[in-house]
Amino acid sequence: MSKISDKLLVGTSKPTRVPAKLALADGTIWAGYSCGATGEVFGEVCFNTSMTGYLEVATDPSYAGQIVTMTYPQIGNYGVCPDDVQRDHTALRGMVVRDMCYTPSNWRSAESFPAFLARNGVVGIEGIDTRALVRHIRNAGAQMAVLSTETLDDAQLLAKLAAAPAFVGTNYVERESCDEPHEYTAENVPAGHQFAYGKAPEAKYHVVAYDCGMKDGILENLVRVGCRVTVVPWNTPAEQVLAMHPNGVFLSNGPGDPDAVEGTYSQVEKLLGKVPLFGICLGHQMLSKACGCTIEKLKFGHRGGNQPVMNLRTGRVEITSQNHGFGIVYSSLGELVPEESGGIAQHAEDLRAYAEAHVAPVVRNEKVGRVQLTHINLNDGTPEGIACLDIPAFSVQYHPEAQCGPTDAHYLFAAFVRLMDGRSDYLDIDIAQDRLAGWTFAEQKEAQHA
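Just so it is clear, the structure is predicted and the values come from calculations on it, not from any experiment.

Turning our attention to the pairing of strand 21 (residues 393-396). Every second residue of strand 21 is oriented toward a common face, with A393 and S395 on one face and F394 and V396 on the other, all of them buried. Pairing analysis gives four bridges linking strand 14 (residues 277-280) to strand 21, with the strands arranged parallel. Bridge pairing in strand 21 places F278 opposite F394. The loop that links strand 20 (residues 383-388) with its antiparallel partner strand 21 comprises four residues.

Set out below in structure tokens:
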């Protein structure tokens, strides 16, 4: 063969294939080939429906203890850009894909995704029918699994899996949180993002952020709306936080079972009513638990960048990025207040009934007074956001920082600033206008029409 044909072959072929297997707790076995590090890992198998953002998924601390299945058929085609990582390490246990690309094409790429997985010790498997696997998870529910390139005997795999620790009840937050408080300012924003974003404004407010496994993209977005952020460990005493005299406190995303994170929600309980609060994902659950809310394990959760959510206060629908396997039970926060809930006196079993009625219901809570349901998931009717009407606090179950994902929900960072401004209409923002804020193409468009 010629040198040209040899070069073409190298650029279009996969390396020598190493067999791998994925075994689920219900006895289902899936065979494929290694596409990352070799080894054997245990974790809860789940799925993510995003078409892009596999690097952000791999470096999102919220995936600690999990084996993630990507539903999009080819993963890795645009490679790895270091500026897009969400933490300085990987937290997930393994990754499952239909087809892995070993020869990416992208001007920002520094290495291939399988090379990144191998370098970071993430076991990967490709060559299986991910559509069938996802349908199985949707029907049977998320469950423990083992992914291995070392043990290929089905009976041995299932025996090892039966002896593995459970996912529910484990506190993964203490493993993913920072060890010491540290600052995050505009100087920490990756320079590689400047091609898309404008310069961050001068800091107006000081925010203390509880790190329960926080994504760097969240810190970047707080900075971009004018916040100087002090990041603190997950179990930092409320008294220490208040001693910093913050304008607001942020409760971050994070992995695992929220009931196991008593070190955070017990401190949030002490902060209620003393400082404006904003929570995302696990932070939403921490605020809710501090208000006495019950948490439930969802059958297969929400993970991906295409989840439709309605803001019940404005009637606007956002396409959101999500990553969670637990959710709050809104009815557990208290009885409905009919005069503030469109005359509705009984909790709806399917919360989408409130969307049809154009109502954002309000309950009377023993700890914080009135709590409004502000957002719901239009796919399954699960609660996605709450606002405390008698104290300055709100939270959402999804990820407005949109790394990865759409930017519809970016307005929630602006809402946090408006809450710290003391405005009662902080959530009533035109998302169509807000999603253009801070992007350089918006500035270019204004210059063209000047």
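Another point: the packing of helix 9 (residues 262-271) against helix 10 (residues 282-290). Closest axis-to-axis distance for the helix 9/helix 10 pair is 8 Å, and the angle between their directions is 60°. Looking at the two axes, helix 9 sits oblique to helix 10. Like other packed secondary-structure pairs, helix 9 and helix 10 cross with a definite hand, here right-handed. Counting all contacts with helix 9, which are made through T264, Y265, V268 and E269, the residues of helix 10 involved are M286, L287, K289 and A290.

We now examine the nonpolar core. Judged by nonpolar contacts, the single largest core of 53 residues is most densely connected at V249, L271, L272, L277, L287, L312 and L333. Per-element accounting of this core gives the leading share, four residues, to helix 10. Contacts of V249, omitting those with residues within four sequence positions, involve V207, V208, Y210, V241, L271, V275, P276, L277, F278 and F416.

Before going further, it helps to spend a moment on helix 7 (residues 216-224). Summarising burial for helix 7: eight of the nine residues are buried, a large majority. Of the residues making up helix 7, those classed as buried are G217, I218, L219, E220, N221, L222, V223 and R224. Where helix 7 is buried, its residues touch strand 10 (182-184), strand 12 (227-233), strand 13 (248-251), strand 14 and helix 12 (411-420). Phi turns positive, to about 95°, at G226, one or two residues after helix 7.

Further remarks concern the side chain of D408. Considering the arrangement of structural elements, one finds D408 in the loop between strand 21 and helix 12. Residue D408 is classed as buried on the basis of its relative accessible area, which comes to 11%. Engagement of the side chain of D408 in a polar contact is seen with the backbone nitrogen of I319, the distance being 3.1 Å.

Per the stated rule, a full pass over the model turns up 22 salt bridges. A salt bridge links R87 to D211; the shortest N-O distance between them is 2.6 Å. Pair noted here: R87 is in the loop between strand 5 (74-75) and strand 6 (94-96) and D211 is in strand 11 (residues 205-211), with a separation of 124 residues, a long-range link. For the pair formed by R87 and D211, the shared burial category is buried. As a salt-bridge pair, D425 and R418 come within 3.4 Å of each other at their nearest N and O atoms. For R418, a relative accessible area of 15% gives the class buried.

Procedures and definitions
Residues numbered from 1 in each chain as written. Predicted model: local features only at pLDDT ≥ 70, side-chain atom pairs only at ≥ 80, totals over all residues. Heavy atoms only, no water. Buried < 20%, exposed > 50% of the residue type's maximum accessible area, 1.4 Å probe, protein only. Helix = DSSP H or I, 4+ residues; strand = E, 2+ residues; numbered from the N terminus. Pairing = 2+ DSSP bridges. Axes fitted to C-alpha atoms, helices over the stretch in contact; angles between N-to-C directions. Parallel < 35°, antiparallel > 145°, perpendicular 65-115°, else oblique. Left-handed = near helix turned anticlockwise from the far one by under 90°. Contact = heavy atoms within 4.5 Å. Core = buried A, V, L, I, M, F, W, Y, C linked by side-chain atoms within 4.5 Å. Polar contact = N/O pair within 3.5 Å; in protein donor to acceptor, adjacent residues only side chain to side chain. Salt bridge = Lys/Arg side-chain N within 4 Å of Asp/Glu carboxyl O.

Function-wise, these values are silent; they only describe arrangement.
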